[in-house]
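The chain contents come next:
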Amino acid sequence: MTSDQTPLVIAVDGPAAAGKGTLSRRLAAHYRLNHLDTGLTYRATAKALIDRGLPLDDEAVAARTAGGLDLSHLDRSVLSAHEIGEAASRVAVMPQVRTALVEAQRGFSQTMPGAVLDGRDIGTVVCPDALIKFYVTATPEVRAKRRFDEITGNGGSADLASIQADIEKRDARDSERADSPLRPAADAHLLDTTEMGIEAAFEAARRLVDAALEH
Ligand code: DC
């Protein structure tokens, strides 16, 4: 339920490179909502530790760093580097880091008129009461190919097999960690983008959000 007093929250989860970022940005633009890519909060924590020469596995230090982040200054172009994603996945296994970031993410979700949040644990932990939840997936092969096309399309060079190996390693770490592992919420709508283009995924999601808004 939403009303003029209740923020509208849309939760989007899924593994790396499944298309959840693009889908979330499209939904946020369509419904005029705020958008937070929560992966950037883990990436910014990892980058701050690296920049300050601090260890990635000292939980108290990492949690203090996470608690001091300014969510309004998350620069995707700086944080999107592959090594930062890898470091973020390591930082994200620590419960105290998650507690600090989840608190900030929940605060963001409650800002009117509401928000689309994308990540790994939005529907299960951060916003369990979201109006609607999506779980976006695609096969590792297709996700690796998308990353490869993105990198080479920007003039970079990349090796498809090693991208896929990295994606599978990251999936395993994100799914097997004890605290808030990557998994679909029981009430999430599954969107498999292996065959579907992003436009079709957006249309499917939009129809489901419109139906939820009518109830
Ligand atoms: O989506 P991404 O690649 O930017 O995320 C980077 C890492 O952050 C990812 O490997 C796991 C972690 N993460 C998380 O644990 N929970 C979230 N809600 C978002 C990201």
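From a predicted model like this one, the values you see are computed outputs, not experimental measurements.

A.B. asks: Would you mind going over the overall build of the chain with me for this structure?
C.D. replies: A tally of regular secondary structure across the chain gives 10 helices and 5 strands. For the chain, the C-alpha radius of gyration of 17 Å lies close to 17 Å, the compact-globule estimate for 215 residues. Counting only C-alpha atoms, the chain reaches 50 × 35 × 30 Å along its principal axes. For the chain, the residues scored as buried account for 45% of the 215 residues in total. Accessible area of the chain: about 10,500 Å², with a carbon and sulfur share of 52%. In the chain, the 25 positive side-chain charges and the 32 negative ones have mean positions that sit 2 Å from each other.

A.B. asks: Any chance you could explain the sheet that holds strand E4 (residues 132-137) here in plain terms?
C.D. replies: Consider a sheet: its strands pair through backbone hydrogen bonds, and that pairing is either parallel or antiparallel. The sheet built from 5 strands is open, its strands ordered E2-E3-E1-E4-E5 with parallel pairing. Among the strands making up the open sheet, the edge pair consists of strand E2 (34-37) and strand E5 (189-192). Averaged over all neighbouring strand pairs, the angle between strand axes comes to 20°, with direction disregarded. Pairing geometry for E2 and strand E3 (residues 114-119), over 4 bridges, is parallel. Bridge assignment links Leu36 to a residue of E3, and that residue is Leu117. Each of strand E1 (8-13), E2, E3, E4 and E5 touches helix H1 (residues 20-31); the most contacted strand, E3, lies at about 175° to it.

A.B. asks: Please clarify how the nonpolar core should be interpreted in this entry.
C.D. replies: Side chains of nonpolar character tend, in soluble globular proteins, to be buried together. Tyr42, Leu74, Val91, Val97, Leu117 and Cys127 are the most contacted members of the largest nonpolar core, which totals 29 residues. For this core, the secondary structure elements donating two or more residues are E1, helix H2 (39-51), helix H3 (59-67), helix H5 (82-91), helix H6 (95-109), E3 and helix H7 (122-126). Here this core gets 5 residues from one element, more than from any other, and that element is H2. When near neighbours in sequence (up to four residues on either side) are disregarded, Tyr42 contacts Ala88, Ala92, Val97, Arg98, Leu101, Val102 and Gln105. Judged by nonpolar contacts, the second largest core, of 19 residues, contains Leu8, Leu27, Leu33 and Val116.

A.B. asks: It is not clear to me how the pattern of salt bridges should be interpreted in this structure. Could you clarify?
C.D. replies: For side chains of opposite charge, pairing can occur when their charged atoms come near one another. Tallying each qualifying case throughout the model produces 14 salt bridges. One salt bridge connects Lys169 with Glu86, and the closest N-O pair in it is separated by 3.6 Å. Note that Lys169 is positioned in helix H9 (residues 160-176) and Glu86 in helix H5, a separation of 83 residues in sequence. The class for Glu86 is buried, based on a relative accessible area of 18%. Arg120 serves as the salt-bridge partner of Asp174, at 3.3 Å between the closest nitrogen and oxygen.

A.B. asks: Can you walk me through the environment of Asp159 in this structure?
C.D. replies: Positionally, Asp159 belongs in the loop between helix H8 (140-153) and H9. Within the local environment of Asp159, its side chain forms a polar contact with the backbone nitrogen of Ser162, the two atoms lying 3.1 Å apart.

Reading the values: rules and limits
Residues numbered from 1 in each chain as written. Predicted model: local features only at pLDDT ≥ 70, side-chain atom pairs only at ≥ 80, totals over all residues. Heavy atoms only, no water. Helix = DSSP H or I, 4+ residues; strand = E, 2+ residues; numbered from the N terminus. Rg over C-alpha atoms; globule rule 2.2 N^0.38 Å. Buried < 20%, exposed > 50% of the residue type's maximum accessible area, 1.4 Å probe, protein only. Areas by Shrake-Rupley, 256 points an atom, 1.4 Å probe, with all protein chains shown as cover. Lys, Arg positive; Asp, Glu negative; His and termini not counted. Charge placed at Lys NZ, Arg CZ, Asp CG, Glu CD. Pairing = 2+ DSSP bridges. Axes fitted to C-alpha atoms, helices over the stretch in contact; angles between N-to-C directions. Contact = heavy atoms within 4.5 Å. Core = buried A, V, L, I, M, F, W, Y, C linked by side-chain atoms within 4.5 Å. Salt bridge = Lys/Arg side-chain N within 4 Å of Asp/Glu carboxyl O. Polar contact = N/O pair within 3.5 Å; in protein donor to acceptor, adjacent residues only side chain to side chain.

Purely spatial values, then, with no claim about function.
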